[in-house]
Amino acid sequence: MSRYTINRRHFLGASSLLLGGAALPSFAWGEGEPIKIGTLTPLTGSGGPYGPVMADTVKAVVDEINAAGGILGRKIEVVSEDDQTNPEAGVRAARKLIDVDAVSAIVGTWASSVTTAVAPLCWESKTFLATVSGADSITELPHQGYLARTQPNTTLQGRKFGEFAVAESAKRVFFVSPQTPFADSQFQNITKAIEAGGGETASLIYDDKKPSYRSEVDELLRFNPDAVIFGGYAPDTTVMLKELYRAGYQGKKIAFAYAVNEKLVDSVSAEIVEGCYTIAPSSDESSTAYQRLVELIGVDKPDPYTVQVYDQINLILMAMAAAGETTGTAIKDNIRKVSQAADGAKVDNARDGLKLIAEGKAVNYDGASGPCDFTDKGDISDSSFRYEQVRGGRLTLVKIA
Amino acid sequence: MLAYLIFALTIGGVYALLALSLNLIWGGIGLVNLGLVGFFALGAYASALLTGAGLPVLFGWGGAIVVGAVAGLVVTLATARLRDDYLAIVTLGLAEVIRLVALNERWLTNGSDGISGIQAPLKSALGNQGFNLFYLAMVSAVVLVVWLVLRRLDRSPYGRAMKAIREDQELVGFAGKNVLGFKVQAFAVSAAIAGLAGALYAHFQSYVSPDHFQPLITIYIFLAVAAGGVGRPAGGVLGAYVVVFFLELTRFLPDLVPSLAPAQFAACREILVGVALILVLRFRPQGLLPEQIVPAPKS
């Protein structure tokens, strides 16, 4: 033990370092404690490829705002935690963010299970949670408004498929899909959009392990559709496309971009998949916000989650400024005032937005992932989608809208 | 800060129960159960489903114990001829099977969405802070009771017979003991404790999903038992709390090394867990509280 005795000089040195360290931030920030915002992204585990860039993006936005003077005269501090793509570890990390750091908001939860596990802690402690998870059930939780997400849910995706079919002047639309968690809600929302356009729909759920879909295709053709929407994944959609071609189907084909992907297009003969449309949620690459983001983080093609987390942090910072307060409740009550104010000036970043808010003007943020307008439940009401078509055996961009 | 400490101690209690479960089977009778998290999951889902069907919480916990014990019985009987590495592989597979069933049997488990809104006993009456304190007290009491029972078992003739099986099961067989019987009983009790831990966890978090039950937890518990002392119940309990505090304390390291990026730091935390295990095995293989072999009383 005697080797570890502390003499007076060591003690003085160590304690002045400690005290100095503790005192430093309060000198540096001048007025008031810094506002704390937590990022809870997957830095390890299966979400590991996305989380680090997401956390860096939040940091980059906050650095920029701090350099421009912070919010309400206070600096912002980002605390990053790792959810390990695991709800058990995610809850422990969220507890630390909420109880020790007392963050006003947590941004960036990625896996739906982590978001569902962390959400109750947030609404109980009145902390705002912004997430990129997609499961429909998340916004059904009793979150009292303390949760918002920028990832389109299947309701919105279904509507987009329906609206696209209507725009392609399809009147009789048939939906074929294997049993998936979202097949039902997908079909309901397609039907809603088609019926609004004066058309008719029918659907068929098939077993995705079957080697052939002859009877399914017969049933499909009996409906005499002018467009078919595929709800499946690549392997079963391949078989289905082949059967339809053999049966002489001439109408339009629409599928998810993850099903009719480049691999599928390369693996079947060109005429089978020719003319097929694909749809996928997309960042709004033509927006000024997207171009700012690319410049800010120096990544050429940021993934959708990074793009969404960029919008989330911008919105949260502006909501605090608009409220004149920095609590989670203030963010909850004001986020829609800066995301979708009908008479607000369009802004694409928080720095410009904060200036306008300081002048007492209303703002309406249009982000890099889309217009970023939220429903009362916390879903986004609209998002950009990427439409492609197979032309001459290659996927060709039709539009992003 | 206080709320965070209360939370960490509660999670420590759940880990301690798992460590007691593992210590009974691994330290006691020498069977390596790499599927611990599977029994944890069974208990959590059993209680979530039973209370979800309208039964009181205590029935849920009782159900979790029964389901755990029955699963333990089935596993030992199905693997009666397997030992060492072979048993370890089978139990590892079992935990994955349980996770995949939870993921795919939507009608029962709600699939990847998991079961949310699990009843939190007395939460509406006690409020958030009160509930957290109450739950900490209750989990700690359960840990205390289970620890006392297992310590009693450890020092009884039954415990000596178990440890004899661990050292040389043929010899114990020759001495007239029913080796399979001991194994089945020990495995069932161990699995029941893991099931109870799962039920306590489910009602604390109000949410379970297949993602909760990744093999990572089993590894943490092996670390806890190895660090605390294999073969001694108190060692497992101490080790579990040490592991939870180690995992939580490392979160505060970036304040000391601000130059590390969050992703680098997250990786460092995982490395630290591995390094800690290596250091324990190298410098204190017997654990913080080494096993005590109490000589049998002279008759």
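Parameters and conventions
- Residues numbered from 1 in each chain as written.
- Chains lettered and ligands numbered in written order.
- Predicted model: local features only at pLDDT ≥ 70, side-chain atom pairs only at ≥ 80, totals over all residues.
- Heavy atoms only, no water.
- Contact = heavy atoms within 4.5 Å.
- Buried area = accessible area lost by both parts, 1.4 Å probe.
- Salt bridge = Lys/Arg side-chain N within 4 Å of Asp/Glu carboxyl O.
- Polar contact = N/O pair within 3.5 Å; in protein donor to acceptor, adjacent residues only side chain to side chain.
- Helix = DSSP H or I, 4+ residues; strand = E, 2+ residues; numbered from the N terminus.
- Nonpolar A, V, L, I, M, F, W, Y, C, P; charged D, E, K, R; others polar.
- Domains from an automatic or database assignment.
- Pairing = 2+ DSSP bridges.
- Axes fitted to C-alpha atoms, helices over the stretch in contact; angles between N-to-C directions.
- Parallel < 35°, antiparallel > 145°, perpendicular 65-115°, else oblique.
- 1 Å grid on protein atoms, 1.4 Å probe; cavity = no way out; pocket = protein on both sides within 12 Å on 5 of 7 lines; lining within 4 Å.
- Points joined across faces, edges and corners; volume = space filled by probe spheres on them.
- Phe/Tyr/Trp six-rings, centres within 6.5 Å; stacked < 30°, edge-to-face > 60°.
- Buried < 20%, exposed > 50% of the residue type's maximum accessible area, 1.4 Å probe, protein only.
- Lys NZ or Arg CZ within 6 Å of the ring centre and 35° of its normal.

Novice: I'm lost on the interface of chain A and chain B in this one. Help?
Specialist: Bring the parts together and some accessible area is lost; that lost area is often taken as the interface size. Listed by partner, the interface residues are 29 residues for chain A and 32 residues for chain B. Between chain A and chain B the total buried area reaches about 2600 Å² when both faces are included, carbon and sulfur atoms providing 55% of it. For the pair chain A and chain B, the interface holds three salt bridges. The closest approach of N and O atoms between E124(A) and K123(B), which form a salt bridge, is 3.0 Å. Where chain A meets chain B, there are nine residue pairs in polar contact (both at pLDDT 80 or more). For the side of chain A that touches chain B, the elements supplying multiple residues, two or more each, are α2 (51-67), β2 (76-82), α3 (87-100) and α4 (112-124) of chain A. It is α3(A) that contributes the most residues to the side of chain A that touches chain B, 10 residues altogether. Taken together, the residues that form the side of chain A that touches chain B break down as 12 nonpolar, eight polar and nine charged.

Novice: What's the story with the domain arrangement of chain A in this structure? I'm lost.
Specialist: Taken domain by domain, chain A holds domain 1 (31-149 + 286-365) and domain 2 (155-279 + 391-400). Just the C-alpha atoms count here: the centres of domain 1 of chain A and domain 2 of chain A sit 36 Å apart.

Novice: Please clarify how the environment of V61(A) should be interpreted in this entry.
Specialist: Residues and elements named next belong to chain A. Examined against the element boundaries, V61 turns out to sit in helix α2. For the pair V61 and D311, spaced 250 residues apart in sequence, the C-alpha separation works out to 9.8 Å. In contact with V61, not counting residues within four places along its chain, are L296, Y310, I313, N314 and L317.

Novice: Explain the sheet that holds strand β9 (residues 252-256) of chain A to me, please; I cannot follow it from the model alone.
Specialist: Sheet strands associate in pairs through backbone hydrogen bonding, adopting either a parallel or an antiparallel arrangement. Residues and elements named next belong to chain A. Strands sit in the order β7-β6-β8-β9-β10-β13-β14 across an open sheet of seven strands; the sheet is mixed. In this open sheet, the two edge strands, each paired with only one partner strand, are β7 (200-206) and β14 (394-400). On average, adjacent strands in this sheet sit at an angle of 25° to one another, irrespective of strand direction. Judged from the four bridges that link them, strand β8 (residues 227-230) and β9 form a sheet pairing that is parallel. Following the sheet pairing, A227 is matched in β9 by K252.

Novice: Can you walk me through the packing of helix α6 (residues 123-155) of chain B against helix α7 (residues 157-167) of chain B in this structure?
Specialist: The description of two packed helices rests on the angle between their axes and on the distance between the axes. Residue and element names in this part refer to chain B. Put simply, α6 and α7 touch, their axes get as near as 4 Å, and they point 70° apart. When the axes of α6 and α7 are compared, the pair comes out roughly perpendicular. In contact with L153, D154 and R155 of α6, α7 contributes P157, Y158, G159, R160 and K163. Partitioned by chemical class, the residues of the contact of α6 with α7 number three nonpolar, one polar and four charged.

Novice: What should I look at first to understand empty space enclosed by the protein in this one?
Specialist: One way to see where empty space is left: roll a probe the size of a water molecule over the atoms. Scanning all chains against the criterion turns up five cavities of 30 Å³ or more. In this structure, the largest cavity spans a volume of roughly 90 Å³. In terms of lining, the largest cavity is formed by 13 residues, of which the most central are N23(B), L24(B), L150(B), D154(B) and P233(B). Residue contributions to the lining of the largest cavity peak at five residues, all from helix α1 (residues 2-28) of chain B. Its residues placed into classes, the lining of the largest cavity shows six nonpolar, four polar and three charged. Taken as a whole, the second largest cavity spans an internal volume of roughly 60 Å³. Taken together, D82(A), Q84(A), Y220(B), F246(B), L247(B), T250(B), A266(B), R269(B), E270(B) and V273(B) form the lining of the second largest cavity. Here the lining of the second largest cavity takes four residues from helix α12 (residues 262-283) of chain B, the largest share from any one element. Residues of the lining of the second largest cavity, tallied by class, amount to five nonpolar, two polar and three charged.

Novice: It is not clear to me how the packing of aromatic side chains should be interpreted in this structure. Could you clarify?
Specialist: Both the distance between ring centres and the angle between the ring planes are used here to describe each pair of aromatic rings. Per the counting criterion, the structure on display carries 24 aromatic pairs over all chains. Plain terms: the ring middles of F164(A) and Y277(A) are 4.9 Å apart, the flat faces sit at 70° to each other, and that makes the pair edge-to-face. Of this pair, F164(A) sits in helix α5 (residues 154-167) while Y277(A) is found in strand β10 (residues 277-281), placing the two residues 113 residues apart along the sequence. The exposure class assigned to Y277(A) is buried, which follows from its relative accessible area of 10%. Aromatic side chains W26(B) and F222(B) sit 4.9 Å apart centroid to centroid with 50° between the ring planes, which places their arrangement in the tilted category. One end of the pair, W26(B), is in helix α1; the other, F222(B), is in helix α10 (residues 216-228), and 196 residues separate them in sequence. The class of W26(B) is partly exposed, set by a relative accessible area of 21%. F222(B) sits in the buried class, given a relative accessible area of 15%. Ring pairs connect the aromatic residues F7(B), F131(B), F134(B), Y135(B) and F204(B), which therefore count as one cluster. The ring of F223(A) is capped by R172(A), whose NZ or CZ atom sits 4.2 Å from the centre of that ring. In this structure, R282(B) is placed above the aromatic ring of F283(B), and the distance from its NZ or CZ to the ring centre is 4.9 Å.

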